[in-house]
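Coordinate inspection notes
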Amino acid sequence: MKFFIDTANLTQIREAEDLGILDGVTTNPSLMAKEGITGHDKILKHYVDICNVVTGDVSAEVLATDFTGIVEEGEMLSSLHRQIVVKVPMIKDGLKALKYFDKKGIRTNCTLVFSAGQALLAAKAGATYVSPFIGRLDDINQDGVDLIHQIVHIYRTYDYKTQVLAASIRSPLHIVKCAEAGADVATCPLSAILDLLKHPLTDSGLAKFLADARKFSEPVNR
Ligand code: E4P
């Protein structure tokens, strides 16, 4: 499973890249605003800055909601850098735009997906990635990981090439459950990735190994 980081924060992106396990980045307008990245030119420059930090795909979201606007914005975003993947919302005009981009060879990430039916449409339209938001489903008392299982099953049954990108991940358990479900990618906050490292038995085991090593490296009095 590929690991993407879900942030527009360059420090966090660099930290994840330095771990050596990062495969890409997803952003959205809320994440850009959180970093104080506002205004057309600043936003475009920030996408390029992100692409220069990582080697993998970087999702950049369109703000237009009509077919012509989505196509114009998507083509402009895609021309910024070869790593850019155009993020398109799962709406009627978005669906049409996904098909258009597919024909043009422009890679896409269909976002705001909350049902298997929406994921089926995204695959039929030729989306490169589909982003089911599992945390937001959990928030309304629906099991988000169940949706990942369902989409993976449908895509494998019909051999759709669209990659399942589990999004809205909140915890290390979410990441592991998505891996078990067969997600192609999980896009995660840095904290959830770092939490995967943690286990109390690792900490206590290491402390004991180091203590024993110190004990046996002390000079022995005969
Ligand atoms: C996906 O690409 C989105 O940016 C993201 O995962 C949304 O997560 P949230 O529900 O934590 O905002």
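A short tour of the structure in this document, coming up. (Residues numbered from 1 in each chain as written. Predicted model: local features only at pLDDT ≥ 70, side-chain atom pairs only at ≥ 80, totals over all residues. Heavy atoms only, no water.)

**With respect to the sheet that holds strand E6 (residues 129-132)**
Here we have 8 strands rolled up into a closed barrel, ordered E1-E2-E3-E4-E5-E6-E7-E8, and parallel in their pairing. In this sheet, neighbouring strand axes are inclined to one another by 30° on average, regardless of whether the strands run parallel or antiparallel. Strands in contact with helix H3 (residues 40-53) are strand E2 (24-26), strand E3 (57-61) and strand E4 (84-89); relative to E3, the strand with the most contacts, it is inclined by about 165°. Docked against the sheet, helix H6 (residues 116-124) engages strand E5 (108-113) and E6, running at close to 165° with respect to E5. (Pairing = 2+ DSSP bridges. Helix = DSSP H or I, 4+ residues; strand = E, 2+ residues; numbered from the N terminus. Axes fitted to C-alpha atoms, helices over the stretch in contact; angles between N-to-C directions. Contact = heavy atoms within 4.5 Å.)

**With respect to the environment of Leu121**
Assignment of secondary structure puts Leu121 in helix H6. Exposure remark for Leu121: the relative accessible area of 41% places this residue in the partly exposed category. Once the C-alpha coordinates of Leu121 and Leu98 are considered, the two residues, 23 residues apart in sequence, prove to be 9.9 Å apart. Apart from residues no more than four positions distant in its own chain, Leu121 is found in contact with Met90 and Leu95. (Buried < 20%, exposed > 50% of the residue type's maximum accessible area, 1.4 Å probe, protein only.)

**What about the pattern of salt bridges?**
Counted by the stated rule, this structure contains 10 salt bridges. Salt-bridge contacts for Glu75 lead to Lys104; the nearest nitrogen and oxygen are separated by 3.5 Å. Here Glu75 is found in helix H4 (residues 67-80), whereas its partner Lys104 is found in helix H5 (residues 92-104), with 29 residues between them in sequence. Overall, Glu75 belongs to the partly exposed group, its relative accessible area being 27%. For Glu180, the salt bridge identified is with Lys177, shortest N-O distance 3.7 Å. In this pair, Glu180 and Lys177 both sit in helix H9 (residues 172-181), 3 residues apart, roughly one turn of the helix. (Salt bridge = Lys/Arg side-chain N within 4 Å of Asp/Glu carboxyl O.)

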